[in-house]
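# Architecture at a glance
Read off the chains here:
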Amino acid sequence: MQQGVRVAKRDIQSHMNIFVFIFVLFIMGMIFGAVIVNSMNFVQKQDLFFYLKQFFEQSIITEGSSKATLWKDSVFYHAKYMLLLFLLGISVIGMPIITVLLFIKGLVVGFSVGFLVNQMGWYGLFISSASIAPQNIIIIPVYLTAGSLALIFSLTLCKQLFVRRVHQPILPGLMRYSLMFVVLLLVLMVSSTVEVFFSNTVLEYVLRWIYN
């Protein structure tokens with residue numbers, strides 16, 4: 001166990017540049033998402049806000065799905081996304097797709113928060129704080145870590161295939177890689193619990209405060 005931790009720590013330190021690259025890429029996605037909000041014209045913003053407002057008002061007057069169903073849907077979504085990153089990591093051609101996925105992840109977060117604040121001001125900030133921030137404090141670091149691990153493993157496979165001097169056993173690395181993804185998925189299950197049982201409840205109170 002201790003040896004595995006030391007190996008993981010050594011791998012992280014030796015590939016710190018990749019972790020920094022993924023973090024910067026995600027931040028760029030968030031900035032780009034905010035820029036998209038500012039580049040939308042008035043009609044586009046009003047149309048999108050109309051549907052968003054309807055969704056908020058409908059959320060107040062209807063109970064919606066059960067908490068258990070929402071939790072299962074959230075876990076299933078994270079499991080699919082993590083499986084995709086995992087499979088891209090064990091494929092040589094997955095590197096550019098991994099970066100695109102993480103950039104889009106940042107773009108969605110930046111656009112969501114930016115649009116709410118742009119259209120609703122402080123109310124939008126309150127809604128973002130209630131519905132987006134709590135679970136994303138967990139989700140964002142997990143996805144950045146998963147994307148970095150997938151990129152590192154994909155680069156390792158490329159070295160094995162194309163650099164003749166590099167010959168290391170793949171199986172131990174694959175086992176560590178798989179174990180890390182399992183651990184990250186378990187952490188995402190915690191984020192799903194936060195999202196469904198905390199964020200959604202707080203959001204309901206915030207929406208009732210705004211619209212009632």
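See the structure above.
Keep in mind it's a predicted model, so treat the numbers as computed, not measured.

Ranked by size, the top nonpolar core spans 32 residues in total, and within it M82, L85, Y143, Y177 and F181 carry the most contacts. Only α2 (16-39), α4 (67-89), α5 (95-120), α7 (133-162) and α8 (170-211) provide two or more residues apiece to this core. With 13 residues, α7 is the single largest residue contributor to this core. Among the nonpolar cores identified, the runner-up in size contains 14 residues, and F49, I127, I132 and I210 belong to it.

A few words now on the environment of I18. Within the secondary structure layout, I18 lies in helix α2. The spacing of I18 and L151 is 133 residues in sequence and 7.8 Å in space, taken between C-alpha atoms. The residues contacting I18, other than those within four sequence positions of it, are S148, L151, I152 and L155.

Moving on, we get to α8. The terminal C-alpha atoms of α8, which comprises 42 residues, lie 57 Å apart, in line with the 62 Å expected from a rise of 1.5 Å per residue. The principal kink in α8, of about 35°, is found at E195.

Moving on: the packing of aromatic side chains. Enumeration according to the criterion identifies 10 aromatic pairs in this entry. Arranged with centres 6.0 Å apart and planes meeting at 45°, the rings of Y77 and Y81 form a pair that is tilted. In this pair, Y77 and Y81 are both assigned in helix α4, 4 residues apart and thus about one turn of the helix distant. Judged by its relative accessible area of 38%, Y77 falls in the partly exposed class. Take Y81: its relative accessible area is 13%, and that puts it in the buried class. Here the aromatic rings of F153 and Y177 are separated by 4.5 Å at their centres, their planes lie at 10°, and the arrangement is stacked. In this pair, F153 is assigned in helix α7 and Y177 in helix α8, connecting sequence segments 24 residues apart.

Rules and cut-offs
Residues numbered from 1 in each chain as written. Predicted model: local features only at pLDDT ≥ 70, side-chain atom pairs only at ≥ 80, totals over all residues. Heavy atoms only, no water. Core = buried A, V, L, I, M, F, W, Y, C linked by side-chain atoms within 4.5 Å. Buried < 20%, exposed > 50% of the residue type's maximum accessible area, 1.4 Å probe, protein only. Helix = DSSP H or I, 4+ residues; strand = E, 2+ residues; numbered from the N terminus. Contact = heavy atoms within 4.5 Å. Expected span 1.5 Å × (residues − 1). Bend = angle between axes of the 7 residues up to and from the residue. Phe/Tyr/Trp six-rings, centres within 6.5 Å; stacked < 30°, edge-to-face > 60°.

Geometric descriptors of this kind do not, in isolation, establish any biological role.
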